[in-house]
Amino acid sequence: NPLTVWDSISVPTPVNGTGLVPSSTRRVVALQPNLGGREILVATPYDVVRFDVTTLAQETSITRGNEGGLVISPSDGRLFIADPGSDALATTGLILVYDRMLELSEIIDLHLLPPSQRPLGILGGAVSADGRWLYLVTGVARNGPLYGPDFTRLYVVNVTTGEASILPLATLGGKSPILVP
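As the structure is a computational prediction, the values presented were derived from the model and not from experiment. (Residues numbered from 1 in each chain as written. Predicted model: local features only at pLDDT ≥ 70, side-chain atom pairs only at ≥ 80, totals over all residues. Heavy atoms only, no water.)

Draft legend 1. Geometry of the overall build of the chain. When helices and strands are counted, the chain shows zero helices and 14 strands. Starting at the N terminus, the α and β elements of the chain follow one another as β-β-β-β-β-β-β-β-β-β-β-β-β-β. Counting only residues that meet the buried cut, the chain has 40% of its 181 residues in that class. The long-range fraction of contacts in the chain, counting pairs at least 24 apart against all pairs at least 6 apart in sequence, stands at 36%. Per element, the accessible surface of the chain, about 10,300 Å² overall, is 57% carbon and sulfur. (Helix = DSSP H or I, 4+ residues; strand = E, 2+ residues; numbered from the N terminus. Buried < 20%, exposed > 50% of the residue type's maximum accessible area, 1.4 Å probe, protein only. Contact = heavy atoms within 4.5 Å. Areas by Shrake-Rupley, 256 points an atom, 1.4 Å probe, with all protein chains shown as cover.)

In structure tokens, the structure reads:
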């Protein structure tokens, strides 16, 4: 049967910091393989958990500050989590960068850009194969109750310096970019 479940992992729920128990209220919002599939990162609205694929054991986890998407560098396994904002609240422009062990290693702040170049919403991202460039799609759809629309832009961020180049696109809203080698 092609739908047979061969292995499974459970995403634990912290209980007052004293232990982990499974919970039926947890939901997986993102799942990304890392390091050629040897690890998998599972994101819930509350945390990111790193599992070893061979043993299915939880190796480490972090608490998420927002529900931004997971963007993983294919070259070194770094994890980028950008504050996406929402239809009613602008993004902070902060991009948290974690090393492969899920230790916070740096923060990229897009609000250091001039006000006219700051993103209102971050819709998705990708990292270049060499890990040097972070590509972010930004914008706000027409139906935002607080503000909008905000034209879609592609931010090309130098991960080393945090400097961003901006390519305006003739659309409103958008989704994650797809990188084609």
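Draft legend 2. Here's a closer look at the sheet that holds strand β4 (residues 39–43). Strand order in the open sheet formed by four strands is β3-β4-β5-β6, and the pairing between neighbours is antiparallel. Edge strands, defined here as strands with exactly one partner in the open sheet, are β3 (30–34) and β6 (58–63). Within the sheet, the average angular offset between the axes of one strand and its neighbour, ignoring direction, is 15°. Looking at chain direction, β4 and strand β5 (residues 47–52) are connected through five bridges and run antiparallel. Bridging from a neighbouring strand, Ile-40 pairs with Phe-51 of β5. (Pairing = 2+ DSSP bridges. Axes fitted to C-alpha atoms, helices over the stretch in contact; angles between N-to-C directions.)

Draft legend 3. Here's a closer look at a nonpolar patch on the surface. Together, Leu-94, Leu-104 and Ile-107 line one region of the surface with nonpolar side chains, adding up to about 250 Å² of accessible area. In this structure, Leu-104 sits in strand β10 (residues 104–109). Taking the relative accessible area as the measure of exposure, Leu-104 reaches 47% and is therefore partly exposed. (Patch = residues over 30% accessible without salt bridge, like charges linked within 9 Å, V, L, I, M, F, W, Y side chains within 5 Å. Salt bridge = Lys/Arg side-chain N within 4 Å of Asp/Glu carboxyl O.)

Draft legend 4. Main features of the environment of Thr-60. Within the secondary structure layout, Thr-60 lies in strand β6. Separated by 42 residues in sequence, Thr-60 and Leu-102 have C-alpha atoms that sit 7.3 Å apart. Dropping the residues within four chain positions of it, Thr-60 is found in contact with Val-48, Val-49, Arg-50, Met-101 and Leu-102.

Draft legend 5. Region of the structure containing the pairing of strand β8 (residues 79–82). Residues of β8 alternate between two faces, with Leu-79 and Ile-81 on one and Phe-80 and Ala-82 on the opposite face, all of them buried. A loop of six residues connects strand β7 (residues 70–72) with β8, the two strands running antiparallel in sequence, and Gly-77 in this loop sits at a positive phi of about 80°. Looking at chain direction, β8 and strand β9 (residues 94–98) are connected through four bridges and run antiparallel. The partner of Leu-79 across the bridge, within β9, is Tyr-98.

Draft legend 6. Quick peek at the pattern of salt bridges. Inspection of every chain in the model, using the stated rule, returns four salt bridges. In this structure, the salt-bridge partner of Arg-78 is Asp-76, at a minimum N-O distance of 2.8 Å. On the accessibility criterion, Arg-78 (15% relative accessible area) is buried. Within this structure, Glu-39, Arg-50, Glu-59 and Arg-100 form a network of salt bridges that share partners.

Draft legend 7. Inspection of the sheet that holds β10 at higher detail. Pairing within the open sheet is antiparallel, and its four strands lie in the order β7-β8-β9-β10. Strands with a single pairing partner mark the edges of an open sheet, and in this sheet they are β7 and β10. Averaged over all adjacent pairs, the angle separating strand axes in this sheet is 25°, with direction ignored.

Draft legend 8. Highlighting the environment of Leu-104. When the C-alpha atoms of Leu-104 and Arg-78 are compared, they prove to be 9.8 Å apart, with 26 residues separating the residues in sequence. Apart from the residues within four sequence positions on either side, Leu-104 is in contact with Leu-96, Val-97 and Tyr-98.

Draft legend 9. Focus on the side chain of Thr-138. By the secondary structure assignment, Thr-138 is in strand β12 (residues 133–140). Of the residues examined, Thr-138 reaches a relative accessible area of 0% and is grouped as buried. Non-local contacts of Thr-138, meaning those with residues more than four positions away in its chain, are made with Pro-119, Gly-121, Ile-122, Leu-123, Phe-151, Thr-152, Arg-153 and Tyr-155.

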